[in-house]
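Read off the chains here:
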Amino acid sequence: MTRRANVLGLGLIGGSVALALAKRGWHVTGDDLEPGRAAVALERGVVAAVGIDSGAEFSVVATPVGGVADAARRLLAATRGVVTDVGGVKRPVAEAVADPRFVPGHPMAGSELSGLDGADESLFEGAVWVLTPTAATSDDAFSRVAGVVGELGAEMVVLSPERHDDLVAVVSHLPHLTAASLMGLAEGAADEHAATLRLAAGGFRDMTRVASGHPAIWLDVCRDNREAILRALDGLLGRLGEMREIVAAGDGTRLEARLGAARAARRNLPGRVRDLAEVAEVRIPIPDRPGAAAEVFALAADLAVNVANFEVAHSVEGDRGVLVVVVDRGATERFRGGLIARGFRPTIHDVA
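All figures in this text were calculated on a predicted structure; none of them were measured in a lab.

## A closer look at the sheet that holds strand β7 (residues 105-108)
Now for step 1: Taken together, 3 strands build an open sheet; the order of strands is β7-β8-β9 and the sheet is mixed. The sheet is open, and its two edges are formed by β7 and β9 (155-158), each paired on a single side. Neighbour-to-neighbour, the strand axes of the sheet open up by a mean angle of 25°, direction not taken into account.
Now for step 2: Here strand β8 (residues 128-131) pairs with β9 via 4 bridges, running parallel. Counted as the bridge partner of tryptophan 129 is methionine 156 from β9.
Now for step 3: Each of β8 and β9 touches helix α5 (residues 139-151); the most contacted strand, β8, lies at about 170° to it.

## Brief notes about the sheet that holds strand β3 (residues 49-50)
Now for step 1: Ordered by their spatial adjacency, 6 strands build an open sheet running β3-β2-β1-β4-β5-β6, and the pairing between neighbours is parallel. Edge positions in the open sheet fall to β3 and β6 (102-103), since each of these has one partner strand only.
Now for step 2: For strand β4 (residues 58-61) and strand β5 (residues 82-85), the ladder comprises 4 bridges, and the chain directions are parallel. The partner of valine 60 across the bridge, within β5, is threonine 84.
Now for step 3: Along the sheet, helix α1 (residues 12-23) contacts β1 (4-8), β2 (27-31) and β4; its crossing angle with β1, the most-contacted strand, is approximately 170°.

## Regarding the side chain of histidine 164
Now for step 1: Relative to the elements of secondary structure, histidine 164 occurs in helix α6 (residues 161-192).
Now for step 2: A distance of 2.8 Å separates polar atoms of two side chains, one belonging to histidine 164 and the other to histidine 106.
Now for step 3: Excluding residues within four positions of it along the chain, histidine 164 makes contact with Gly88, Val89, Lys90, His106, Val130, Thr132 and Leu159.

## Quick look at the side chain of asparagine 6
Now for step 1: Examined against the element boundaries, asparagine 6 turns out to sit in strand β1.
Now for step 2: If we ignore the near neighbours within four places in the chain, the residues touching asparagine 6 are Thr29, Gly51, Ile52, Asp53, Ala56, Phe58, Ser59, Val60, Leu75 and Thr79.

## What about the pairing of strand β12 (residues 321-328)?
Now for step 1: Of all 8 residues in β12, 7 are buried, a share of seventy percent or more.
Now for step 2: Pairing geometry for strand β10 (residues 279-285) and β12, over 7 bridges, is antiparallel. Directly across from alanine 280, in β12, lies its bridge partner valine 327.

## Observations regarding the pairing of β5
Now for step 1: Neither face of β5 is exposed, since Val82 and Thr84 on one face and Val83 and Asp85 on the opposite face are all buried.
Now for step 2: Assessed by its sense of winding, the connection that carries the chain from β4 through helix α3 (residues 68-78) to β5 is right-handed.
Now for step 3: As judged from the 2 bridges shared by β5 and β6, these two strands associate in the parallel manner. Of the residues in β6, the one forming a bridge with threonine 84 is valine 103.
Now for step 4: The parallel pair β5 and β6, bridged by helix α4 (residues 91-96), forms a crossover whose chirality is right-handed.

## Focus on the nonpolar core
Now for step 1: Judged by nonpolar contacts, the single largest core of 58 residues is most densely connected at Leu21, Phe58, Trp129, Leu131, Phe142, Met156 and Phe335.
Now for step 2: The contact partners of methionine 156, leaving out residues within four places of it in the chain, are Trp129, Leu131, Phe142, Ala146, Val149, Phe297 and Phe310.
Now for step 3: In terms of nonpolar packing, the next biggest core, distinct from the first, is built from 12 residues, Ala72, Leu75, Leu76 and Val83 among them.

## Some remarks on helix α9 (residues 226-249)
Now for step 1: When the terminal C-alpha atoms of α9 are compared, their 34 Å separation across 24 residues agrees well with the 34 Å that a helix rising 1.5 Å per residue should span.
Now for step 2: Burial in α9 covers these residues: Ala228, Ile229, Ala232 and Ile246.
Now for step 3: Phi turns positive, to about 65°, at glycine 250, one or two residues after α9.

## What about the pattern of salt bridges?
Pairing between side chains of opposite charge can happen when the charged atoms of each approach one another.
Now for step 1: Under the criterion given, the structure shown has 19 salt bridges.
Now for step 2: Among the ionic pairs, lysine 23 bridges to glutamate 125, the shortest N-O distance being 3.5 Å. In this pair, lysine 23 sits in helix α1 while glutamate 125 sits in the loop between β7 and β8, placing the two residues 102 residues apart along the sequence.
Now for step 3: Look at lysine 23 and you get partly exposed, because its relative accessible area is 45%.
Now for step 4: Among the ionic pairs, glutamate 242 bridges to arginine 258, the shortest N-O distance being 2.8 Å.

Calculation rules
Along every chain, residues carry numbers that run from 1 in the direction the sequence is written. Residue-level local features of this predicted model are given only where pLDDT is at least 70; pairs of side-chain atoms are given and counted only at 80 or more, and the full residue set underlies all totals for whole chains, interfaces and linings. As a rule here, side-chain values cover all heavy atoms of the structure and leave hydrogens and water aside. Between any two strands, at least two bridges found by DSSP are needed for them to pair. Strands are runs of DSSP state E lasting at least two residues, helices are runs of H or I lasting at least four, and both sets are numbered from the N terminus onward. In this analysis, axes come from line fits to C-alpha atoms, helices being fitted only over the stretch in contact, and the angle between any two N-to-C directions falls in the range 0 to 180 degrees. Between two residues, a contact is recorded if the distance between any of their heavy atoms is within 4.5 Å. Each polar contact in these results corresponds to two N or O atoms within 3.5 Å; when the atoms are within protein, one needs to be able to donate a hydrogen and the other to accept it, and residues that are neighboring in sequence are counted only if both atoms are side-chain atoms. Whether a residue is buried, partly exposed or exposed follows from its accessible area with a 1.4 Å probe, protein chains only, as a fraction of its type maximum: under 20%, in between, or over 50%, in that order. With the strands pointing away from the viewer, any crossover whose connection runs clockwise from the first strand over the helix to the second is right-handed. We define the nonpolar core as a collection of buried residues of types Ala, Val, Leu, Ile, Met, Phe, Trp, Tyr and Cys that are connected through side-chain atoms lying within 4.5 Å of one another. By this rule the span expected of a helix is its residue count minus one, scaled by 1.5 Å. Each salt bridge in this description consists of a side-chain nitrogen of Lys or Arg and a carboxyl oxygen of Asp or Glu lying within 4 Å of one another.

The analysis is restricted to geometry; functional conclusions fall outside its scope.
What follows is the structure, encoded as structure tokens:
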């Protein structure tokens, strides 16, 4: 039986979701507030139909963050399936939509291109996709959305909405604002020295790449995540102030230490688990309490445990499920201890 999905918002991310689902055999219905965009998506084969499919088992809101809550409520009313979103700010929508079938989310993927022209069916392969289930989210809805995220090739991370917003302020929102500031600085210098931008080589281009993204989406982001972004900006300004003092003092020892620490931290950024010889299977009976499955993945994120794969299996102890999680073998004892401390009863098995 063909699986059916809705995508509301057919820009870069929504269009990419639609293409990625269609590639995997889903029948995708889509719509967009911008006049004519849905028709273009239909003509290009990005979606198979225009509108909202009431029979869809999976629906995605890919509108600007200011419209996510209303669009999510619209899909929840029109369908009986699960609903998620892809917005870059999670706390406001999590507070506004308390429904067992809603799982807020945010794929950490993008492109210098914008709109439907930039849509890419492989955009999420290897990317991190954050889910931020609320207290109202059912385990069934969470498992269904997580399953689709994995199907699209993404690595799932689970965080609370508040923690997500604090973290993305540092790793996503701050880099964009910093890149915009660097470009402004270089452009100002170019007014006086025509060669400035011609001298922009790899380092500058790498640091300012994200500034080429469409500016419109950042208006809502900076409004809805203002406090976290201000904290991140204050932190960066403090670090830059310290660096200025070091350079002004000609303190080579401190400068080398700062640059060395940054280099080491950059080289140690976590990657994905790829070699099945280096992973183990953790089987976790799911307790009969709301949000238990999501709690397991949130704990994995807190403990920096990479989840390579997962599934929900039937329990031999009754009708409750068993969450089967594949993780880095070196992290199994840390993960096991954290699970036990939270009332879970995990068992560890080597993957043959």
